[in-house]
Amino acid sequence: MSDQTKKVRKANLSEALISFFGLILIMAIGIMKFHVDPHVPMFLGVIVAACVSLYIGYTWEQIEESMIHGITQALQSVLILAIIGILIGVWMVSGVVPSMIYYGLNILSPKIFLPATMIICSITSLATGTSWGTAGTMGIALMGIAQGLGIPAPITAGAVLSGAYFGDKMSPLSDTTNLAPAMAGTDVFTHVKFMLKATVATYVITIVAFTVIGLRYGSGEAELSSILELQQAIADQFKVSPLLLLPPIVVIVTIAKKMPAIPGITIGILIAGLMSPIFQGADGGFGALLDCGMNGYVSETGNEAVDALLSKGGLMNMMFSISMTIIAMMFGGIVEMTGQMEVIVNNILKLVKSDAGLVVATEATCILSNATMPEQYISIVVPGRMYAKAYQERGLHPKTLSNALESAGTVSGALIPWNTCGVFMSETLGLPVYGKIDTKGLYGPAGQYVPGYAPWAIFNYLMIIMTAVMAFMGITIAKMTEEEKKILAETGRVS
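Residue numbers restart at each chain and count upward from 1, following the sequence in its written direction. Local features are withheld for residues below a pLDDT of 70 in this predicted model, meaning they are given only at 70 or higher, and side-chain atom pairs are given and counted only at 80 or more; totals for whole chains, interfaces and linings count all residues. Only hydrogens and water are set aside; all other atoms, that is, all heavy atoms of the structure, feed into the side-chain values.

Looking at an unreviewed UniProt entry, one finds the protein chain named Na+/H+ antiporter NhaC, with Filifactor villosus as its source organism. UniProt positions are given in the numbering used here, feature names are shortened, and annotations may be inferred rather than shown by experiment. Entered under Subcellular location (unreviewed entry) in the UniProt record, the comment concerning the protein chain runs "Cell membrane". Word for word, the UniProt comment on the protein chain under Sequence similarities (unreviewed entry) is "Belongs to the NhaC Na(+)/H(+) (TC 2.A.35) antiporter family."

Below you can see the structure in the form of structure tokens.
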């Protein structure tokens, strides 16, 4: 074993490019030409990366260990995916989501719906620190309300994501908001304060955009008719009550009180489960809860639009996402252990000539990480570790790095179909990331073209651009004082 260990070396640039371009090429051909799901193309990319690793001296045991390590890093995401699937099924059969939709239709009007959706999701995400939890609770309800108001689902999903990721990026309760400064070498409050200028500017532009877009809807009586029709269909199928709004309120409050997301969401499931037989009778009994938690709720009103809206959830319906996450992290584990990502980043640094260029390179690497090691946390951890020294050598404050990591790593995952964030948001909101011909009927009748939400996730891609532009303006660049340099050198952190 010692002889084998001596032969092991890190990948060089050409070898690393084989893995990354091999993955990109296979994914592109599979998804764009043959319209297949990303799982098997991603697995073929894993095979390419494993072959490169074998070639440079790693044993199969080491490669297998790296894949297991990669999967382990995403296990929290897998658990949340599974629990959210159960939550949606239970909240459907118990009448929680139908009640949220029913009452939401009374409050929101079409003309203000899109900016209101973004604000509601922003507040929820700020309070909870989770874009996933926001999309899985308020997002689902708002998507349903939008259908009643006659507002296209992709635009609504864009507003949901814009608000959810604003809160995820700025909330001190968010994992990524704490992870980015930890990787860079500063504290969370210094990090959040430094992000304000670029983030608020992006937020304002996004709100204005959704306000203008929203003015196109709600001018006639057709929307009122569809609202009443949807409300009646919900009332015919469920007993609606304001008390059924308690589970989502409890979830928001528990997570806002710093309870971890998994137990917080689980409490929401248990409360809805207890309320289900009280409000829905035999239709919401224990057997129905178990079945819907496993397989999801199936609406059978005969109204195609209502049935499509209310037929959701279930653990099995999340297996698409879970299996994608596992395969994606197999690739991520291999390229991280064998240094394939590291060698690419080191060559990028040779091209960087300015501080602003370093910020742009950091953002590009975060996006590349999200695309090739498709897990949000890795897109912050890996570039953060790799670029920290370069920022220090240029005398840049660590908050410059943490801002770049957050501004690209956090928000770009939802724009990549095979990233864990993209898979989750697609499954939860019931839309593909980008438009596609739905050959398997995942989003409705098989064979139809389904538009994606990515073009409308305005905050997500504008945040990346705004941070880069402001870097060249000097706004998202901060230099350290001599005293701060000494503190960083002594302690590894500076406020």
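J.: With reference to specific residues and values, describe the overall build of the protein chain.
T.: A tally of regular secondary structure across the protein chain gives 24 helices and two strands. This radius of gyration counts C-alpha atoms alone. The globule rule is 2.2 Å times how many residues there are, raised to the power 0.38. Scaling as 2.2 N^0.38, a compact globule of 495 residues should have a C-alpha radius of gyration of about 23 Å, and the protein chain matches this with 23 Å. Judged by the C-alpha coordinates and their principal axes, the protein chain covers about 70 × 50 × 40 Å. For the protein chain, the proportion of contacts with a sequence separation of at least 24, taken over those separated by at least 6, is 77%. Think of it this way: Lys and Arg go in the positive column, Asp and Glu in the negative one, and His and the chain ends go nowhere. Every charge is mapped to an atom, namely NZ of Lys, CZ of Arg, CG of Asp or CD of Glu. Between the mean site of the 26 positive side-chain charges and the mean site of the 31 negative ones, the protein chain shows a separation of 11 Å. Runs of E in the DSSP output that reach at least two residues are strands. Runs of H or I that reach at least four are helices, and both are numbered from the N terminus. Only heavy atoms enter the contact rule, under which two residues are in contact if any of them lie within 4.5 Å.

J.: Residues and numbers for the environment of Ile278, please.
T.: Positionally, Ile278 belongs in helix α14 (residues 261-280). With 23 residues separating them along the chain, Ile278 and Ile255 place their C-alpha atoms 26 Å apart.

J.: Hey, could you go over the packing of aromatic side chains for me, with residue numbers and the actual values?
T.: Ring pairs shown here join Phe, Tyr and Trp side chains whose ring centres sit within 6.5 Å, with only the six-membered ring taken for Trp; geometry is labelled stacked below 30 degrees between planes, edge-to-face above 60, and tilted in between. All told, the structure shown has six aromatic pairs when counted by the stated rule. Measuring from centroid to centroid gives 6.0 Å for Phe166 and Phe459, while their planes differ by 85°, and the two rings are edge-to-face. Placement of the pair is Phe166 in helix α9 (residues 153-170) and Phe459 in helix α23 (residues 458-472), with a sequence separation of 293 residues. Burial classification: accessible surface area is computed with a 1.4 Å probe over protein chains only, and a residue below 20% of its type maximum counts as buried, one above 50% as exposed, and the rest as partly exposed. Taking relative accessible area as the criterion, Phe459 reaches 0% and is therefore assigned buried. One aromatic cluster in this structure is built from Phe166, Tyr203 and Phe459.

J.: Report on the pattern of salt bridges, specifying residues and quantitative values.
T.: For salt bridges, the criterion is a side-chain nitrogen of Lys or Arg within 4 Å of an Asp or Glu carboxyl oxygen. By the definition in use, this model includes four salt bridges. Where Lys479 meets Asp355, a salt bridge forms, and the shortest distance between an N and an O atom there is 2.9 Å. Here the residue Lys479 occupies a position in the loop between α23 and α24 (482-491), and Asp355 occupies one in helix α19 (residues 355-372), the gap between them amounting to 124 residues. Classification of Lys479 by relative accessible area gives partly exposed; the value is 49%. When salt bridges that share partners are traced, they join Asp355, Arg394 and Lys479 into one network.

J.: Explain the environment of Tyr297 residue by residue, including any values.
T.: Along the chain, Tyr297 turns up in the loop between α15 (286-295) and α16 (304-310). With a relative accessible area of 13%, Tyr297 lands in the buried category. When the C-alpha atoms of Tyr297 and Asp307 are compared, they prove to be 9.9 Å apart, with 10 residues separating the residues in sequence. Sequence-distant contacts of Tyr297, defined by excluding residues within four places in its chain, comprise Gly89, Met92, Val93, Gln237, Phe238, Cys292, Leu310, Ser311 and Lys312. Any pair of nitrogen or oxygen atoms within 3.5 Å is treated as a polar contact; in protein, a donor-acceptor pairing is required on top of that, and neighbouring residues in sequence qualify only through side-chain atoms on both sides. Within the structure, Tyr297 has its side chain in polar contact with the side chain of Gln237 (distance 2.6 Å).

J.: Describe empty space enclosed by the protein, and please don't skip the residues or the numbers.
T.: Rolled over the atoms, a probe sized like a water molecule indicates the empty space that remains. Points on a 1 Å grid, built from protein atoms alone, make a cavity when a 1.4 Å probe fits but cannot get out and make a pocket when they are open with protein on both sides within 12 Å along at least 5 of 7 lines; residues with an atom within 4 Å of a point are the lining residues. Grid points are joined across faces, edges and corners, and a volume is the space filled by probe spheres set on the points. Applying the stated criterion to the full structure yields two cavities of 30 Å³ or more. For the largest cavity, the calculated volume is near 60 Å³. As for the largest cavity, its lining consists of Ile84, Thr124, Thr128, Thr130, Gly133, Thr134, Thr137, Val251, Ile252, Ile255 and Ile265. Those elements giving two or more residues to the lining of the largest cavity turn out to be α7 (110-128), α8 (131-149) and α13 (246-256).

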